[in-house]
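Residues per chain are reported as follows:
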Amino acid sequence: MPYVAWYPAARQQVFVVSRLRGVAMVRRIHQDAHFQVSADELQRYPKTSDPLAPSDTIAVFVETPKDVRQRDWVAVAGDTRRVEAKAPYSAGSTVLTLEGYGKWVFAAPRIVYRRREDEVPESIQRHLEWKAEQIVAQYRSGFSLGRLSEIYEVPVAPLKLRLPEWLSTYSSRE
């Protein structure tokens, strides 16, 4: 599975498409052309010299604006800003409220930075989204996050992260 790495020689992020015997096949984020580099030259997040990466984060390529989460960091105007809130906008884009910056329209695929503990495997994310309404109902009836974690066999952290958004989403359906 491709992942994002920091390539110090080019001072940019790259997708590592494959890696074999010390050689990595990489491509630039918004280009299709592949090239080879020594795998030793690449730096894996969170330990990189990427000047924009907040400490203890990984770089994640988000395909659509809806994949951005609250608490992610986005590089805007030469600095990295934390996402405080998000709202849908026109044509599939999202308006983000960024800490110390204000509102900003996120309209195209790009790199965001995410705390390592916030990164949850996609299969678990899909499972939780599928069960979100049921999880909210159980939480409102008195189930603790620990108990919900046991029931759905997922760590507490992703539940704690998504629950505020689910509560607001499913509040109007009572």
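First, a word on what this report is: a plain description of the structure on this page. Remember, it's a predicted structure, so these values are computed and weren't measured experimentally. (Residues numbered from 1 in each chain as written. Predicted model: local features only at pLDDT ≥ 70, side-chain atom pairs only at ≥ 80, totals over all residues. Heavy atoms only, no water.)

### Things to note about the sheet that holds strand β6 (residues 57–62)
- With respect to topology, 6 strands assemble into an open sheet ordered β6-β11-β7-β8-β9-β10, the strand pairing being antiparallel. Taken across any chain shown, the strands that pair with only one partner, and hence form the sheet edges, are β6 and β10 (102–106). Adjacent strand axes in the sheet meet at a mean angle of 45 degrees, parallel and antiparallel pairs treated alike.
- Pairing between strand β7 (residues 73–76) and strand β8 (residues 79–88): 4 bridges, direction antiparallel. Across the sheet, residue Val74 finds its bridge partner in β8, namely Arg81. (Pairing = 2+ DSSP bridges. Helix = DSSP H or I, 4+ residues; strand = E, 2+ residues; numbered from the N terminus. Axes fitted to C-alpha atoms, helices over the stretch in contact; angles between N-to-C directions.)

### Things to note about the sheet that holds strand β5 (residues 43–44)
- Taking strand neighbours across the sheet as the criterion, the 5 strands line up as β4-β3-β2-β1-β5 in an open arrangement whose pairing is antiparallel. Both edges of this open sheet fall to β4 (34–38) and β5, since each of them pairs with a single strand only.
- Here 5 bridges tie strand β3 (residues 23–28) to β4, and the two strands are oriented antiparallel to one another. Bridged to Val26 within β4 is Phe35.

### Let's talk about the pairing of strand β1 (residues 3–7)
- Buried residues dominate β1, accounting for 5 of its 5 residues.
- Side chains Tyr3, Ala5 and Tyr7 project from β1 onto one buried face, and the interleaved Val4 and Trp6 project onto a second face that is buried too.
- In this sheet, strand β2 (residues 12–20) lies alongside β1 in antiparallel orientation, the contact comprising 5 bridges. Across the sheet, residue Tyr7 finds its bridge partner in β2, namely Gln12.
- Where β1 folds back onto β2 in an antiparallel hairpin, the turn is made up of 4 residues, including Arg11, whose phi is positive at roughly 50 degrees. (Buried < 20%, exposed > 50% of the residue type's maximum accessible area, 1.4 Å probe, protein only.)

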